[in-house]
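# Architecture at a glance
What follows is the residue order along each chain.
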Amino acid sequence: MTKIDLHMHTTASDGEYSPSEVVRLAQDHNLEVIAITDHDTVAGIREARSAAYGTNLSVIAGIELGCENATRDVHLLGYAFDIDNEHLQQKLDELHEHRKYRAARIVENLNELGIPVQYELVQDIAGDGVIARPHIAQALVQLGMVASYQEAFDNYLGNHCPAYVPRLRLSPHEGIDLIHQAGGVAVVAHPCRYEDPLGVVREFAAQGVDGIEVYYPDNSPQLRQQLLQIAQELDLMVTGGCDFHRRAEDGQFGLGTEHIPHEVIAEILRRAKRYHG
Ligand code: AMP
Ligand code: MN
Ligand code: MN
Ligand code: MN
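Report follows, based on the coordinates.

About the criteria used
Residues numbered from 1 in each chain as written. Chains lettered and ligands numbered in written order. Predicted model: local features only at pLDDT ≥ 70, side-chain atom pairs only at ≥ 80, totals over all residues. Heavy atoms only, no water. Near = heavy atom within 4 Å. Polar contact = N/O pair within 3.5 Å; in protein donor to acceptor, adjacent residues only side chain to side chain. Areas by Shrake-Rupley, 256 points an atom, 1.4 Å probe, with all protein chains shown as cover. Helix = DSSP H or I, 4+ residues; strand = E, 2+ residues; numbered from the N terminus. Nonpolar A, V, L, I, M, F, W, Y, C, P; charged D, E, K, R; others polar. Buried < 20%, exposed > 50% of the residue type's maximum accessible area, 1.4 Å probe, protein only. Pairing = 2+ DSSP bridges. Right-handed = clockwise from strand over helix to strand, strands pointing away. Phe/Tyr/Trp six-rings, centres within 6.5 Å; stacked < 30°, edge-to-face > 60°. Lys NZ or Arg CZ within 6 Å of the ring centre and 35° of its normal.

## A short note on the site of ligand 1
Near ligand 1 the following residues occur: Asp 14, His 39, Arg 99, Arg 102, Ala 132, Arg 133, Pro 134, Gln 150, Phe 153, Arg 167 and His 245. Between an oxygen atom of ligand 1 and a side-chain N or O atom of Arg 102, the distance comes to 2.7 Å. Contacts to ligand 1 include His 245, whose side-chain N or O atom sits 3.5 Å from an oxygen atom. Computed on the free molecule, ligand 1 has an accessible area of 500 Å², of which 76% lies beneath the protein chains in the complex. Residue assignment for the shell around ligand 1 shows that the elements contributing at least two residues are helix H3 (86–112), helix H5 (133–142) and helix H6 (149–157). Within the shell around ligand 1, the residues separate by chemical class into three nonpolar, three polar and five charged.

Following this line, the structure appears as structure tokens:
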């Protein structure tokens, strides 16, 4: 059986391990096909591919984009696209600039709340990676302003918390189109996270999405059943992955724990061909 995991993060966004380290961890977990799906960036993929070169691990190009319409914040995964696509690079550069601006505003909010964190520290922690809230959470832990990473989110950084600032998001159509024009397939990420998962799938399918992330740790058995059904009805493909960011506090990595049918890989490549210019 081919062991597959198509959703994970590296230090190129908010993961704890570098792309090479993630490749090594994937190998330790006997994985044979992975996709690196960092938030708004493809910067980790080349390093991951070099690290996997000559081994029996393949690395599929991936990305995770934040999209939203009037009512929903939905994550979109992209697979098997050209990582050098110019329009994609341009759009990602814009998103990165906006993230810096937004992180600085979150820092201002924290300062107003009496938390003396500086933007420079957050930037240092993010390093070359795309700045995201977990870097700010880490800064608060380092400064001793919170006892844990989770406390930083619960008290300050979470979506309904006082320091939160939303970030620029693409419309569903923009996100899907960005991936398609780069020659890849677009997939609705972690349906369990949305209030109305099937509604989200229908809406995104109407916008041209290619697939659904059915094999995801927090998708309940019942939801998986419903998703498989709707996938068949709407002719969508199914994918899966564990959304690995860091080792959990209980020591578990949570990498490669989903049983993903090996046909998924051929289907991604077959569907992606539709979008090759
Ligand atoms: P950003 O892209 O900067 O909005 O940061 C989003 C990331 O922050 C997510 O991908 C998670 O890794 C993390 N995150 C968001 N909300 C929470 C939360 N309530 N608890 C823990 N981590 C969170
Ligand atoms: Mn994340
Ligand atoms: Mn996500
Ligand atoms: Mn993710």
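## What about the pairing of strand S5 (residues 185–188)?
What you see with S5 is no split at all: Val 185 and Val 187 on one side and Ala 186 and Val 188 on the other are buried throughout. Across four bridges, strand S4 (residues 73–79) lies against S5 in antiparallel orientation. Bridge pairing in S5 places Tyr 79 opposite Val 185. Here S5 pairs with strand S6 (residues 211–215) via two bridges, running parallel. Bridge assignment links Val 187 to a residue of S6, and that residue is Gly 211. Read as a crossover between parallel neighbours, the route from S5 over helix H8 (residues 197–206) to S6 is right-handed.

## Some details on the packing of aromatic side chains
Within this structure, the stated rule accounts for four aromatic pairs. Taken together, a centroid distance of 6.0 Å and an interplanar angle of 15° make the contact between Tyr 17 and Phe 244 stacked. With a gap of 227 residues between them, Tyr 17 in the loop between strand S1 (4–5) and helix H1 (19–28) and Phe 244 in the loop between strand S7 (237–240) and helix H10 (263–272) connect regions that are remote in the sequence. Across the pair, Phe 244 and Tyr 17 agree in class, each one buried. Aromatic rings pair up to connect Tyr 17, Phe 244 and Phe 253 into one cluster. Positioned above the aromatic ring of Tyr 149 is the side chain of Arg 246, whose terminal nitrogen or guanidinium carbon lies 4.7 Å from the ring centre.

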